[in-house]
Structures are given as C-alpha cells and as structure tokens.
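Letter by letter, the chains look like this.
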Amino acid sequence: MSASVAVYRNIYTEDRFKQAFGSEDSTNGSLRLRERLTGRCRCSRRAWLHLLRDRVPIFSWLPRYRLKKWILGDTVAGLTVGVLHIPQGMAFALLTSVAPIFGLYTSFFPVVLYMFFGTGRHVSTGTFAVVSLMTGSVVEQLVPTPLEMNSSSSQADEFEAQRIAVASAVALLSGIIMLCMFGLQLGFLSTYLSEPIVKAFTSAAAFHVTVSQLQSMLGLRLSRHTGTFSLFKTLASVMENLPHTNMAELLISLVCLAVLVPVKEINMRYKQRLRTPIPVEILTVILATVVAYASSLDSAYSIEIVGHIPAGFPRPRMPALNAFPEIAGDTIAITFVGYAVSVSLAMIYADKHGYSIHPNQELLAHGISNTVSSFFTCFPSSATLATTNILESAGGYTQLSGLFASLVVLIVLLLIGPLFYFLPKAVLACINVTSLRQMFLQFQDLPELWRISKIDFMVWVVTWLSVVVLNVDLGLAIGVVFSMMTVICRTQRAGCSVLGRASNTEIYRPLEKHRKCYEVPGVKILTYNGPIYYGNRSFFREEISRLLGLTPEKIRSQEKARKALEKREREATINTVDRGIANTLFSSENEIFKSETSENDVQAVLIDCSSVTFVDVAGARLFTQTCTECQKVGICVYLANCNESVLKILTSSGLMNYMNPQHIFVTVHDAVMYIQQQTEKPSESTTTVWV
C-alpha cells in the first residue's frame, strides 16, 4: 500500500522565508552571547565545583561508584593488567633503549595519574610498542650504543643515565605539547589521523619492532640503525652476522615463542570462557629467571641478562632539557601517534559501553601523565592495545582498575624487582614480538576496506609501505599528507550534474542516473557536490560552461546581437515618436530573435547549492562572473538550498549587485514553480506552489 502527500503553500524566497520564520535579529544574539560569556566568567562555589569535576573527572565518577556491582570486576581486571604490565614494561624498555627498570616506572606513574584525569573507563595506559620504538630511535641518535663497553663499570651507569635523561626529555616535551594543545582546545587534530592511517601505521611499525628484536633473540651485539631504510639496514646487519649467533639465546627464544604463541592464541579464542586470560608472560619471565639462575647461563653461555634492578621508588631527576632543540621534531610525531592511538582506543570502548569521552580532557590527562612522570625517569606513555583489550575482557568497569594495576607494579618495584636479575633479555624480546599479534592481524581488514572504499585502501597501502620502507615518523607524515591529498582531490573533482524532475513530485534527481526524470523546459537545473573554493573554481567553471554551452564565441556573438537589437530598438522608438509610424519590419525581426532564443536556448539556470558546504572569496567571485556571463546571453540565474554561511559570503561579495535578491529560493521546487509562472503568466503575481 503506497501513501501519497499533497502540499499547498506559498512560494518562498530566502528573504520571504526569513521574514516568516527567521530568528531574532543579531543584536539580541550578541546580547545572549554577552550574557553567556558573563555567566562563564563569574566566580562562584558552584562554578568552581563544576570546573573541578570537568578537569579532574575522578571527583565526578567516584562519588557515584557502585561498590557492590563494580568492585569485583575492577579488582580482577586491574590485577590481571598489572601482572601483564611487569613483563611488557621491561620488554618495551628495551625498545626505548633504556634499562628494564625504567619500563616498570613508566608502567606505574602514568597509570596512577590517568586514573585521576582520564575519561576513558576501559583505557589502560603505560608502555606502548610503537611509542617506545619511536622514542628509542631518538635515544639512539643522541646517545648511540658503543660496540664495546664494560657493563659493570661506572661508565655504563653514566651511559644509562644519559639515555634515560633523553627519553625523559622526550616525555616532558611531549607532555608540554599536549598541555599546550589542551589550552588551545586542539583535541580535534586527532581526527586527521584517520582509521586507515592508524591501522596501517601500527601494522607497519610492528615490523620495525620485530626486526629490531631479532638481534636480542639471536644473541647478536649490534648497533641499532636509525633514519630512513633502517629496517633494511638492520636486516642486512643481522644476516651478515648470523654466523655469530649465540645458540643458547636462540634456543631460549625458540622455547619462549613455542610457549607464548599457543597460549596467547588460546587466550584470544577462548576469552569468552576464561574469566581472566592466562598470564603466560609473567609465568615465562619467572620460569626463565629461575632456569637462568640455576644453570648460570650468563657465565656459562654468555647470554645477555637484565642485570641489577634497584628496589624502591626512583628519585626525582631533571630530564635533559638541553636536548629539546634536537628532539623537537621527533617528539611532535611521537605526541600525535600516542594521542591518536589513545583517543581511538578510548572512543572504541566508549561507543561499545555507551558513554562518551572528551578528546580535550584526554589531552590534559596524557599531558599531565607524561609531564609529571618525566621527572621520575619515565619515557613517553600512552594507551596500549593489548592491556586495554584485556582490561575490558576481564570485566573492568571504571578507571579504578588502574589503582589495582599500579599496586601490582608497586609491589614489584618495592620488593620483587631485584629477583629478576638473571632474566635473559631474549625472553623480553620474545614478549615484545608476540605482543604485536593484534597489529599483524590488521591485514585482515584489507579485503573489506577494498570493498567499501578503494581510496581508503590506497591510504592504508601507501602509509604501510612508507613506514616500512622509509621510517616510522617519515612514513606517518607521508600517510597523513597522502590522506589529505585524497580529500583535496575529491573536492577538486566533485561532480556537477543536471537535475530532472520526477513526474508529479517535487523530487529532483541527476538525469544520468534517473532516466525517467525529465528536464524542465527552458530551465537548466545544476547541482555541484562539493565546496567551491580557489582549488576547484576552474573545474566548476568548466563544468558550468560545458553544461550550459557557454563558449567565449557564443557569449561574444550573443552579446553583439543583443547590443545590435537594443540599438535598433532605440532607433525604432525615436522614429515612432518623430513620425508616429510603427516599424513593422523591426517588430517582426524582434519576434523572430525572441522565438529563436526561447526555442533553442536555456532561458534560466537554477543552481542547487544543497551540496555546497562552503564558498570562499574566489568561489564567490566565480558566482558573480557566471551570473554576468549568463546575463550577456539572456539567461537568468537562480539559486536554491543555500546554507547560511554560503549565502552570507555570496551576499557580502556583492553578488546581489548582479543578481535579483528575489531569485534565491528555499528549495529547488519553489524556484521552478516561480520560473514557470513567470514564463506562462508574466503579468500575474502568483504566490502558491502545489506539490
């Protein structure tokens, strides 16, 4: 059963519609704006409490905490994530080219601070492989690893101090950048790292992480390569030194991979049945430490071990502030990557569980976390993929789970840390590689991405290849630029179509896709599906000229004919007045010219601006130029469906000096009805439209 609708109303131009349904004048709007600003600037106890809850969200969610319902889930999830933080923190410290103890510090301080300032209930912060890898590249550039150095000497302690000072400086500068972005309310910048860019970037960075860990898994003592083509340089160096592989460390790596990979697969496949995932990483660390200690593997087979891990809290230490000029460029890239990944994860789980996060508040939370943590010898932190997924699947409800996770790390820092002295570094390298499983699996999204959007598929591929072939930060920049170029190209080549009307309706659709729609006689209805600005004005003009047939020769000939007609009309008028005799010959010629014009040419062009999102000065001037050219060949120009910003710019640019303001209509159908009525009954003033 089909339904029908009939509407009988007035024809509305923009001016008439504003008079009938418009809002109050701008003076009242300015008064309301002044009142809102005055209200925000007032100091009161209520305003201070509101500001405190906004900037320190723990004061908002903690009083409403459902103790009986949420405490068990937060406790179990927090303890599970805390156990995972220990091996991952030490492993990712190797990626950062600092001692493992600093990974434990980075797994503690940012977690506590985010609990106070973060808005993501299911976000787990700490060490992240990609951020650690990028930070490690900066550390290696400024404090390169010497090939020969006595690890027990004071020189080694000074070397480690220099490295963590640089890594902490990166964290401090990253935190300062985030705080400045928060002050400027620039949280929206994370949107420029689209989902294909983030996924391709993290997937490609996983290859860099894997290749960088090969030397630890094989027991090779090689210098770390940085800069462009670093992945291939590292692979070449590893292949060249394969004969020097430490067989004991290779065996340890193979055994660890044989344990870690299957158990992680079990955790992933049966995560719905398992109350908590099997803590295979910490079990592997404990077992490897016991075996290495009992067998004296470090002295018997010269395997590389973690070494001394001091117990207790770190003393506050000033980062290497003098390194700011050298690390500024890399730190900006690290900041954007860390923030984009953190906000993306927070939004994914916020949408899944039905709450909202605030991107600008996330800037403040991660900015404070990195800034404060940098004074306690921490390197840059962010939300992490693996621990966030485990936190949510283990039943976490709120940020309070971070408290229990940090308690586990605190116990290790105060009591258990020194017991990991004999832990082989090859085990940490294996943990690094196996933690990248989710990033490698992102290749599975490519077929669906190709089906949905081939342009996004190209963005994914270009970003991935750039990161793998060139470098992490340079590849990310290329991916962002390429993504922006695709957006610009799509706006530059937006389609311009001729609209036709569906019979007995007010619906207008492109003729090339709707064969049964018909073109209104004498009226060319055009629509442009994109903004009109300096970048695409030439294309827009070419399309308009092609569809209307406005060639320069035609404009000149028509204008010349019109001027000749006007001149002869003036002469005929003078002769009629002087002699009192009508010039019948001219009258017949005039009628012939008008009949040819009405039969063969378009009398009116109507531009549907419903898809024109914005117009700049160049686009507004193009409208004026188009209007002038159409008038030269006797075509009237009409506009419809202009949004407020487009209409304001067109009006301010002086378009109304070349166009009748009453030729701007609310809808396409209003304009068509008006044009048809003016053509059929020019002497009458009909103000109704029937649909």
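Quick notes on the rules
- Residues numbered from 1 in each chain as written.
- Predicted model: local features only at pLDDT ≥ 70, side-chain atom pairs only at ≥ 80, totals over all residues.
- Heavy atoms only, no water.
- Helix = DSSP H or I, 4+ residues; strand = E, 2+ residues; numbered from the N terminus.
- Contact = heavy atoms within 4.5 Å.
- Pairing = 2+ DSSP bridges.
- Phe/Tyr/Trp six-rings, centres within 6.5 Å; stacked < 30°, edge-to-face > 60°.
- Buried < 20%, exposed > 50% of the residue type's maximum accessible area, 1.4 Å probe, protein only.
- Lys NZ or Arg CZ within 6 Å of the ring centre and 35° of its normal.
- Axes fitted to C-alpha atoms, helices over the stretch in contact; angles between N-to-C directions.
- Parallel < 35°, antiparallel > 145°, perpendicular 65-115°, else oblique.
- Left-handed = near helix turned anticlockwise from the far one by under 90°.

Student: How should I be thinking about the side chain of Thr125 in this particular structure?
Tutor: Mapping Thr125 onto the fold places it in strand 2 (residues 125-126). Apart from residues lying up to four places away in sequence, Thr125 is in contact with His85, Pro110, Val111, Tyr114, His366, Ser382 and Ala383.

Student: Just to check I follow, could you spell out the sheet that holds strand 4 (residues 496-501) for this structure?
Tutor: Within a sheet, neighbouring strands are paired by backbone hydrogen bonds and run either parallel or antiparallel to one another. Taken in spatial order, the 6 strands line up as 5-4-6-7-8-9 in an open sheet, and their pairing is mixed. Across the chains shown, the open sheet's two edge strands, defined by having one partner strand only, are strand 5 (508-510) and strand 9 (664-665). As paired strands, strand 4 and strand 6 (residues 523-528) are joined by 4 bridges and run antiparallel to one another. Bridge pairing in strand 6 links Ser497 to Thr527.

Student: I would appreciate a short explanation of the packing of aromatic side chains in the present structure.
Tutor: Any aromatic ring pair is given by two values, namely how distant the centres are and how the planes are angled relative to each other. Counted by the stated rule, this structure contains 26 aromatic pairs. For the pair Phe207 and Phe443, a centre-to-centre distance of 6.3 Å together with 90° between the ring planes defines the contact as edge-to-face. Of the two residues, Phe207 sits in helix 10 (residues 195-212) while Phe443 sits in the loop between helix 21 (437-440) and helix 22 (446-452), which places them 236 residues apart along the sequence. Given the relative accessible area of 29%, Phe207 is considered partly exposed. Relative to Phe614, the ring of Tyr533 has its centre 5.9 Å away and its plane inclined at 40°; by these criteria the two rings are tilted. Placement of the pair is Tyr533 in the loop between strand 6 and helix 25 (537-548) and Phe614 in the loop between strand 7 (604-608) and helix 28 (617-632), with a sequence separation of 81 residues. Residue Tyr533 is classed as buried on the basis of its relative accessible area of 11%. Against the face of Tyr355 rests Arg121, its NZ or CZ located 4.3 Å from the ring centre. When the ring centre of Trp450 is taken as origin, the NZ or CZ atom of Lys454, which lies over that ring, is 4.8 Å away.

Student: Honestly, helix 7 (residues 109-117) in this entry has me stumped. Any pointers?
Tutor: Every α-helix carries 3.6 residues per turn, so stepping three or four residues along brings you back to the same face. With 7 of its 9 residues buried, helix 7 lies for the most part within the structure. Among all positions of helix 7, only Phe109, Pro110, Val111, Leu113, Tyr114, Met115 and Phe117 are buried.

Student: Sorry, what's going on with the pairing of strand 7 here?
Tutor: Looking along a regular strand, one sees the side chains alternate between the two faces of the sheet. Across the 5 residues that make up strand 7, a large majority, 5, are buried. Side chains Ala604, Leu606 and Asp608 of strand 7 all project onto a buried face; the interleaved residues Val605 and Ile607 project onto the opposite face, where all are buried too. The pairing of strand 6 with strand 7 spans 5 bridges and is parallel. By the bridge assignment, Ile525 is partnered in strand 7 with Leu606. Bridge count between strand 7 and strand 8 (residues 636-640): 5 bridges; the pairing is parallel. Counted as the bridge partner of Leu606 is Tyr638 from strand 8.

Student: Just to check I follow, could you spell out the packing of helix 13 (residues 247-269) against helix 14 (residues 280-295) for this structure?
Tutor: The angle between the axes and the distance between the axes are what describe a pair of packed helices. The geometry of helix 13 relative to helix 14 is characterised by a closest axis approach of 10 Å and an angle of 160° between their N-to-C directions. Relative to helix 14, helix 13 is oriented roughly antiparallel. Remark: the crossing between helix 13 and helix 14 carries right-handed chirality. Between helix 13 and helix 14, the contacting residues are Cys256, Val259, Leu260, Val263 and Lys264 on the first element and Val280, Glu281 and Thr284 on the second.

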